[in-house]
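Architecture at a glance
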Amino acid sequence: MQEFLPPRRLLLGPGPSMVHPRVLRALSTPLLGHLDPAFLTVMNDIQSLLRETFRTEHRFTIAISGTGSAGMEAAIVNVVEPGDAVIVGVNGVFGGRLATVVERCGGKAIRIEAPWGQIVPQEAIETALRQSGPVKAVVLVHAETSTGVRQPMESIGRLCRDHEALLIVDAVTSLGGIPVDVDRWNIDVCYSGTQKCLSCPPGLAPFTLSDRALAAIKKRRTPCQSWYLDMALVADYWAEGSRAYHHTAPISMLYALREALRLVEEEGLPARFARHQLNSEALLAGLMALGLAPLPPAEHRLPMLTCVTVPAHIDEAAVRAQLLQTFGIEIGGGLGPLKGKVWRIGLMGESCTEANVLTLLNALEELFIRSGWIATPGLALQTAARVYSRTR
Ligand SMILES: *Cc1c(COP(=O)(O)O)cnc(C)c1O
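As a convention, each chain's residues are numbered from 1 in the sequence order in which they are written. Restriction of local features to residues with pLDDT of at least 70 applies here, the model being predicted, together with a cutoff of 80 or more for giving and counting side-chain atom pairs; totals for whole chains, interfaces and linings are based on all residues. By convention in this description, side-chain values take in all heavy atoms of the structure and omit both hydrogens and water.

Each helix is a run of H or I in the DSSP string that is no shorter than four residues. Each strand is a run of E no shorter than two, and both are numbered from the N terminus. By the element assignment, Trp227 lies in the loop between helix H7 (211-218) and helix H8 (231-238). Considering only alpha carbons, one finds Trp227 and His246, 19 residues apart in sequence, at a separation of 9.7 Å. Whether two residues are in contact is decided by their heavy atoms, any of which lying within 4.5 Å being enough. When neighbours within four sequence positions are excluded, Trp227 is seen to be in contact with Leu233 and His246.

As structure tokens, then:
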């Protein structure tokens, strides 16, 4: 067998995103033992950088071993006990998954459904909290990657506190691309993933718990059904001064995350958010010039994930295949009820640049002209360029 050399790709799908050379270099640094004092400083650094990124003072802020889904599983499995009622906003794939995990923990999932492409209305959450008796937690997806919807989060935490429910938030796609204000929004459990706007390979799940969440976990009547993701045990490894063996930390991934978070810190969160916003506006302007309409309404669109509906005369899967084969560009198709109907274009972290926006629009234009779907070359590029020139 020969060495595997991956073809060159521009990753503009719903994840993973492009990875900075400095992060790749960190991945290949020599290993340390996971209890080596030199490695413990790496963990301390990650904790403090993650607190900045989550905008939280929570002492319990760590990186869980596993992808974003491990963060999701950890959030639910530690909080939810058999018989607990949990309100879950379901307006796409990830809300649906969260409800399933709640049920696998023996919880009662109270689903608040909203159409795919729309937000979960706060009034519906409020009504459910008032009518459902004691509720253990409210679970929401901040950035629904299957539809490109941005869930408003500012005042839901307060509402949850009034009803003595914990607030659990999926910030897998949002962290590092739009504000995730854990403390100001009164979020009790928040998790993310490394492969989206943090631009690190998939493999770790940033995770933070409030004191209220920790107290609820301590008060459990039954032990957490997962041993690997039991935060009461994992806490002893991450706690300074203790660092007791639980499982071997994924050393190389933690090196990589530390470097990815250093890059976030160097750029600064406000500049990073502005970059995601500007590039997504230019991308969407160009896509609309090609006749592609965004799925979510203007006030609830994510900058790092643009979801556009594809007109029926366009074979969306064939275009995606050509983008990959001819131009080496990856974008995403639709999931579930949106399969075959939308494209999901990610501008996440390192992938989010003006050069990438113009490269993708040029490639799409080229394919659209070849198929006779548009006649004027350059229109999408000009429209996008106008957005950039507006800001200079
Ligand atoms: C990608 C994603 C996940 C799952 O993360 P993995 O790294 O694929 O395990 C969970 N929630 C949302 C909103 C996501 O976009």
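Now that the structure has been shown, we can carry on.
Turning next to the sheet that holds strand E12 (residues 305-309). What holds strands together in a sheet is hydrogen bonding between their backbones, with the strands either parallel or antiparallel. Should DSSP find at least two bridges between two strands, the strands are regarded as paired. Strand order across the open sheet formed by 4 strands is E11-E12-E15-E14, with antiparallel pairing between neighbours. A single partner strand is all that each edge strand has here, and the edge strands are strand E11 (293-294) and strand E14 (332-333). Of the pairings in the sheet, the one linking E11 to E12 comprises 2 bridges and is antiparallel in character. By the bridge assignment, Pro294 is partnered in E12 with Val308. Convention adopted: a line fitted to C-alpha atoms gives each axis, helices being fitted over their contacting stretch, and angles between N-to-C directions are expressed from 0 to 180 degrees. Contacts from helix H11 (residues 316-327) reach E14 and strand E15 (342-346), with the element oriented near 30° to E15.

What follows concerns the site of the ligand. What makes a residue near a molecule or strand is one non-hydrogen atom of that residue sitting within 4 Å of it. In the region of the ligand, 13 residues are neighbours, and Thr67, Ser69, Thr145, Gln195 and Lys196 sit closest. In this structure, an oxygen atom belonging to the ligand sits 2.6 Å away from a side-chain N or O atom of Thr67. Identification of polar contacts relies on pairs of N or O atoms within 3.5 Å, with a donor-acceptor requirement for protein atoms, meaning one able to donate a hydrogen and the other able to accept it, and with residues adjacent in sequence counted only if both atoms are side-chain atoms. Between Lys196 and the ligand, the recorded distance is 2.7 Å, taken from a side-chain N or O atom to an oxygen atom. About the coverage of the ligand: the protein hides 90% of its 380 Å² of free accessible area. A 1.4 Å probe and the Shrake-Rupley method give the accessible areas. Residues count as covered only by the protein chains that appear here.

Position of Ser174 among the secondary structure elements: in the loop between strand E8 (166-170) and strand E9 (189-191). The rule is simple: take the accessible area with a 1.4 Å probe, protein chains only, and divide by the maximum for that residue type; under 20% is buried, over 50% is exposed, in between is partly exposed. On the basis of relative accessibility, which here comes to 0%, the residue Ser174 falls in the buried class. Not counting the four nearest positions on each side in its chain, Ser174 is found in contact with His142, Ala143, Val180 and Met304.

Reading across from one edge, E2-E10-E9-E8-E5-E3-E4 is the order of the 7 strands in this open sheet, with mixed pairing throughout. In this open sheet, the two edge strands, each paired with only one partner strand, are strand E2 (60-65) and strand E4 (108-113). Within this sheet the neighbouring strands show an average axis-to-axis angle of 20°, counted without direction. Running over the sheet, H7 touches E2, E8, E9 and strand E10 (204-209) and is turned about 90° from E10.

To continue, consider the environment of Glu350. Tracing the sequence through the fold places Glu350 in the loop between E15 and helix H12 (354-370). Once the C-alpha coordinates of Glu350 and Val19 are considered, the two residues, 331 residues apart in sequence, prove to be 6.2 Å apart. Not counting the four nearest positions on each side in its chain, Glu350 is found in contact with Met18, Val19, His20, Ser199 and Asn356.

When you line up the elements, Asp181 lands in the loop between E8 and E9. Residue Asp181 is classed as buried on the basis of its relative accessible area of 8%. A polar atom in the side chain of Asp181 sits 3.2 Å from the side chain of Arg55. Among residues more than four places away in sequence, those in contact with Asp181 are Phe54 and Arg55.

In the sections that follow, a salt bridge refers to a side-chain nitrogen of Lys or Arg positioned within 4 Å of a carboxyl oxygen of Asp or Glu. Per the stated rule, a full pass over the model turns up 17 salt bridges. In this structure, Asp181 engages Arg55 in a salt bridge whose closest nitrogen and oxygen atoms are separated by 3.2 Å. Linking Asp181 in the loop between E8 and E9 with Arg55 in the loop between helix H2 (37-54) and E2, this pair joins segments that are 126 residues apart in sequence. Two residues, Arg184 and Asp181, come together in a salt bridge whose shortest N-O distance is 3.2 Å. Using a relative accessible area of 59% as the deciding quantity, one classes Arg184 as exposed. Connected via shared salt-bridge partners are Arg22, Glu259, Arg262 and Glu266.

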